[in-house]
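Each chain, letter by letter, is given below.
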Amino acid sequence: MPRTASTKGDEATEGQSRSIAAVERAMDVLLLFGRSARPDLGVTEIATELGLTKAAVHRILTALRSKELITVDPVTRRYALGHAAISLGRAYMARMDLRAMVGPELRLLSRQTGETATLSVRRGDTRMYVDQAVPNQELRMEVSLGIPYPLHAGSSSKAFLAFLDEAEVDGYLARHPLTPLTDKTIVEEDALRAELVLIRKRGYATSLGERQEGAASIAAPVFDHDGRVLAVLSVSGPLSRFKPHIKEYAPLLLAAAARVSAQLGHPG
């Protein structure tokens, strides 16, 4: 029996609905990676979290891998965000209001201290610089934007880690060895935990060559309206010049972080 125009229309509508549903499932998978505290996920975890079959998850991940939105570790067979997804994130960060909000504070901090002021955000078990203001000095620190760093090395990283809840800290330490980036990196778990307690008590973190040799820094968290760390502000400079002034810079940095937090609705 020949198909009528109505039948063809129904089939087209059904096909369109299936296509939309497939796109929505793929977006759900990408968004799951975005909100997960873990840097990678397995097929079973994704299927359980989203209520999908493993076969469906495999098809979605294969499609996302073809566009470099997802990558897979050939040994562990665990999946993580790929280059294309990270590029999208960087493009978003280049336009998001947080940078516009924090920019004046970075420039003020750089003028007040004569050093480089930076803004960092967290991505799972890493954090990255997304903006900086540099001083008009021949010898100065400059950071690379968009490069992920572990959460245990350096003042900005430790400022994130210190203000996570205990379960998140435990999870991070269980997942990651405390790999040294320099000979000053804290690599003993007990020592790091003691350092995190000190950071929470005084409200800021310091680093004397822990992430980069010859560099020193001080960092403070920015809190959102729910009291979670949204970002971290820091000031950094050459170790020999910076170290004697850390205590002078601390109140300036804390005041800047408090002003940004207030704009984000944090009660203080």
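Residues numbered from 1 in each chain as written. Predicted model: local features only at pLDDT ≥ 70, side-chain atom pairs only at ≥ 80, totals over all residues. Heavy atoms only, no water.

Q: Is there a simple way to explain the side chain of serine 120 in this structure?
A: By the secondary structure assignment, serine 120 is in strand S3 (residues 116-123). Among the residues examined, serine 120 registers a relative accessible area of 0% and is labelled buried. Apart from residues no more than four positions distant in its own chain, serine 120 is found in contact with Arg127, Met128, Tyr129, Ser156, Phe160, Ala231 and Val232. (Helix = DSSP H or I, 4+ residues; strand = E, 2+ residues; numbered from the N terminus. Buried < 20%, exposed > 50% of the residue type's maximum accessible area, 1.4 Å probe, protein only. Contact = heavy atoms within 4.5 Å.)

Q: Explain the nonpolar core here, please?
A: Nonpolar side chains tend toward joint burial in soluble globular proteins. Core analysis: the largest hydrophobic core is formed by 27 residues, its most contacted members being Leu119, Ile218 and Leu233. Elements with a minimum of two residues in this core: helix H5 (97-113), S3, strand S4 (126-133), strand S7 (215-223), strand S8 (229-238) and helix H10 (246-263). Here this core gets 7 residues from one element, more than from any other, and that element is H10. In contact with leucine 233, other than residues within four places in its own chain, are Val102, Leu106, Thr118, Leu119, Ile218, Ala219, Ala220, Val222, Leu253, Ala256, Ala257 and Val260. (Core = buried A, V, L, I, M, F, W, Y, C linked by side-chain atoms within 4.5 Å.)

Q: Sorry, what's going on with the packing of aromatic side chains here?
A: The description of an aromatic ring pair rests on the distance of the ring centres and on the angle between the ring planes. Enumeration over the complete set of coordinates arrives at 3 aromatic pairs. When the ring of tyrosine 129 is compared with that of tyrosine 149, the centres are 5.9 Å apart and the planes differ by 70°; the resulting orientation is edge-to-face. Placement of tyrosine 129 in strand S4 and of tyrosine 149 in strand S5 (residues 149-150) is noted, with a sequence separation of 20 residues between them. Its relative accessible area of 16% is what places tyrosine 149 among the buried residues. (Phe/Tyr/Trp six-rings, centres within 6.5 Å; stacked < 30°, edge-to-face > 60°.)

Distances and angles like these do not, on their own, reveal function.
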